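Secondary and tertiary structure notes
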Amino acid sequence: MRAQASGTWSATRQVVAILCVMALAAGCAGRTGAAVSIPADAPYDSRPVASGGTLAVAITSDADALDPTTSTTFVGREVFINMCEKLYDVDGKLAIVPQLASALPEMSADQKTATIRLRSGVLFNDGTPLTAAAVKRSLDRHRSKKDSARSKELGAVESVDVVDPLTVRLHLSRPFAPLTAQLADRAGMIMSPAALDRYGDNFGAHPVCVGPFAFASRVSGSQIVLTRSAFYYDKAKVRLEKLVYTVITDANVRAANLKSGDVQLAERVAPSDVPLLVADGKVKVLSGGTIGYQAITINLANVKGSTAKPGVVNTPLARDVRLRQAFELSLDRQVINRVVFNGLYDPDCSPLPRKSVFRDPARKCTTRDVARAKALVASTGAPTPVPVRMLVTATPINERLGAVIQGMAKDAGFDVTIVPTEFVTSLALAKAGNFDAIQVGWSGRVDPDGNLNGQVNTGATTNYGLIHDPEVDNGIKAAAATADVAQRQALYKKVVDRLMAIDGNIYLYHERYFLGVSDKVAGIRYYADGLPRLTTAGYAKADT
């Protein structure tokens, strides 16, 4: 199903959402009213699986270009995880483990040189060998390509040397504790040099990496198809013949297709659908996620692109921090969670997840205070209602979230216009600076640097609002320079304190991902990073 066309929210839907907010603020139950318990860690279904078959996977939106250097979408990562392996990965406890590397990096005494040894006998999905030269080629591309989204992630890497055919050495400008974690995501994905030579900047339309599945085809906005790789080093474990990712933006439709058997996996099941699927009996619901965040990003200074120099954005929220503070005070994170997400998400005001050892354990969020919000608005002298034009992803649940925010903010003197926009289009608008505010999130990384460096650091690709603050930039840099947990926690506390003072990102909650799986399917690994790993997945033998 295609994403809905862009447009503003209708008056009828707005009224329904506001009434819902009022009811829930009065203490009513969630939309379904049903309580459900899903284990925090998805259990691994170890039933034997048959060889062959196609797995249909419903995804929430189209991915951007399947180029590890430039990609920024979570959906893209869901596809990459099964076709583009990295130097490192995470295990079920989010511990970093070698993937294309044969061991964790060997660090020099001054922590400024990392030596990485590679697996031997590994082939890309075009049959060419994985070598140290190929690793250097990809890392250099990540670091230097003009439109790279990885350059900040590898900003401490000054150069990459080929030591021998299966060893590379990274030279760092400074100690950089998050290095291995960064190489456990897209910054560590290695691309076929032959494919890079052939396709150049158009690599994303013909991606070739090392992986259990190889890219086969794509219909933009609709479908991505992967087929089992003939060259994968661990191909004996791969059972499925084909993966078909189909874009279905409406969560209710994803759930319905899962129940009918039209798809076997549905990612990011809506919280309101979780109890219905659990009760179905033919579907399992696995829980992942929670290491990312969702927020409202205010465009503070992005007029020529998120990596360009800061400019002047002439909107009330951009001009006056008191209005941003008032806007935040108008929101009730707990009610949002109950109204929109059935109480299954984690309301919060920090980009760092609650379980992170680097998080300030004493952090408290503001609570809704309409009187104080109104006073702040009045103190600015701004005419009311204060206009706010906010992009939201064009899906029913995101539009519902937008409407709830719209209703709450109205009480404090804001006139929020909701603009539903197709997801990839909304990111393009955000990168270009063509927005006033956007409801957007980040899927999260195991190291806190991954939730900050690329999102709020000056010049970062996904710093859509273009926060540019020396205290933030220097704090992130200092925290990454030490491996001492206590020191990093103290430094990240200052960074988050500063971010809350700027209020350019109004953090709302940590999303909890729910993966709906047909009971006929086994062998899926689903961790807290929310990425379905399908290398060993297949149809349980008893069901074939």
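The structure this text deals with has already been given above.
All values derive from a computational prediction rather than experimental measurement. (Residues numbered from 1 in each chain as written. Predicted model: local features only at pLDDT ≥ 70, side-chain atom pairs only at ≥ 80, totals over all residues. Heavy atoms only, no water.)

Our next topic: the sheet that holds strand β16 (residues 414–421). Strand order in this open sheet of 6 strands is β14-β18-β13-β17-β15-β16, and the pairing throughout is mixed. The open sheet has two edge strands with one neighbour each: β14 (346–347) and β16. With 8 bridges connecting them, strand β15 (residues 386–393) and β16 associate as parallel partners. The residue of β16 that forms the bridge with R389 is T417. Across the sheet, helix α13 (residues 423–432) is in contact with β15, β16 and β17 (437–442); its angle to β16 comes to roughly 125 degrees. (Pairing = 2+ DSSP bridges. Helix = DSSP H or I, 4+ residues; strand = E, 2+ residues; numbered from the N terminus. Contact = heavy atoms within 4.5 Å. Axes fitted to C-alpha atoms, helices over the stretch in contact; angles between N-to-C directions.)

Bringing the pattern of salt bridges into the picture now. Tallying each qualifying case throughout the model produces 31 salt bridges. The partner of R322 in a salt bridge is D320, with the nearest N and O atoms 2.8 Å apart. A relative accessible area of 32% means that R322 is categorised as partly exposed. For R488, the salt bridge identified is with D447, shortest N-O distance 2.9 Å. Linking R488 in helix α16 (residues 485–502) with D447 in the loop between β17 and α14 (453–456), this pair joins segments that are 41 residues apart in sequence. Bridged by salt links that share partners, the residues R77, D185, R186 and R445 form one connected network. (Salt bridge = Lys/Arg side-chain N within 4 Å of Asp/Glu carboxyl O. Buried < 20%, exposed > 50% of the residue type's maximum accessible area, 1.4 Å probe, protein only.)

Moving on: the sheet that holds strand β5 (residues 113–117). Spatial ordering of the open sheet is given by β4-β5-β7-β6, a layout of 4 strands whose pairing is antiparallel. Either end of the sheet is taken by a strand with one partner, and the two such strands are β4 (106–107) and β6 (157–164). Two strands pair when backbone bridges link them, and β6 and strand β7 (residues 167–172) are joined in this way by 6 bridges, in the antiparallel orientation. Note on β7: the bridge partner recorded for V162 is V168. The sheet strands contacting helix α3 (residues 132–144) are β6 and β7, and the helix crosses β6 at an angle near 170 degrees.

This brings us to empty space enclosed by the protein. This model, assessed by the stated rule, comprises 7 cavities of 30 Å³ or more. Empty space within the largest cavity amounts to approximately 660 Å³. Along its surface, the largest cavity is lined by 43 residues, and R268, Q294, F423, G441 and E511 are the ones closest to its centre. Of all the secondary-structure elements, those providing two or more residues to the lining of the largest cavity are α2 (74–80), α6 (251–260), β13 (293–298), α12 (396–410), α13, β17 and β18 (505–510). A breakdown of the residues in the lining of the largest cavity according to their chemical character gives 19 nonpolar, 19 polar and 5 charged. Computed from the structure, the second largest cavity encloses a volume of approximately 100 Å³. Surrounding the second largest cavity, 14 residues form its lining, R77, V90, A184, D185 and D529 being those nearest its centre. Its residues placed into classes, the lining of the second largest cavity shows 6 nonpolar, 1 polar and 7 charged. (1 Å grid on protein atoms, 1.4 Å probe; cavity = no way out; pocket = protein on both sides within 12 Å on 5 of 7 lines; lining within 4 Å. Points joined across faces, edges and corners; volume = space filled by probe spheres on them. Nonpolar A, V, L, I, M, F, W, Y, C, P; charged D, E, K, R; others polar.)

The quantities given are spatial measurements derived from coordinates; they are silent on function.
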